[in-house]
Amino acid sequence: MITEKIPMWTSQRMLVSLHDVLGLFQPNSLRWRVEDFEGIGRFPSGMTYAEFQDVVAAGAATFDWNGIQQFADGIDQMIDGLIVATDENSTTVLRIDVLDSTEYEMVIDPAWSGAAAFVSAVRSSPARRREP
């Protein structure tokens, strides 16, 4: 497995959003599932935070590529959580752990066809570099 990390805050104290992180991916056919979520923003289909938490707990917060983009667009800040992406065989190819408003930790299966492009995008991303 390949692990990459992106700080949630730049050196200028600007938030690196979930939308920014997902922007490092090429459009894909993965199935995205929010397995744990704490954050603020607008939730799918006008749900309240409590309703969305129930959907997450039931394992039903699943999205295609456009759906996860729309979800991320509505989220002002993801504080803690876990998003998992699976391929057409239901194999987990990616995990995004959001760790206490400090960083995004991504664990990528190197066998996934999109792994090399994603790792390259992360490593060249200005969001990844944070000056002390």
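Residues numbered from 1 in each chain as written. Predicted model: local features only at pLDDT ≥ 70, side-chain atom pairs only at ≥ 80, totals over all residues. Heavy atoms only, no water.

### Thoughts on unusual backbone geometry
Going by this rule: Helix and strand labels come from DSSP, where a helix needs a run of H or I of at least four residues and a strand needs a run of E of at least two; each type is numbered from the N terminus.
In this model, S90 sits at a positive phi of 65°, which is unusual for a non-glycine residue. Note on placement: S90 falls in the loop between β4 (75–86) and β5 (92–99).

### Regarding the pattern of salt bridges
Heads up, the rule is: A pairing counts as a salt bridge when a side-chain nitrogen of Lys or Arg comes within 4 Å of a carboxyl oxygen of Asp or Glu. Residue burial is assigned from relative accessible area. The probe radius is 1.4 Å, only protein chains are included, and a residue is buried under 20% of its type maximum, exposed over 50%, and partly exposed in between.
All chains considered together, the criterion is met by four salt bridges. The partner of E103 in a salt bridge is K5, and the shortest N-O contact between them spans 3.9 Å. You can see E103 sitting in strand β6 (residues 103–108) and its partner K5 sitting in strand β1 (residues 2–7), a full 98 residues away along the chain. One salt bridge in this structure joins E105 and K5, with 3.5 Å as the shortest N-O distance. One end of the pair, E105, is in strand β6; the other, K5, is in strand β1, with 100 residues separating them in the sequence. Given the relative accessible area of 38%, K5 is considered partly exposed. Each of the salt bridges in this network shares a partner with another, and the network as a whole consists of K5, E103 and E105.

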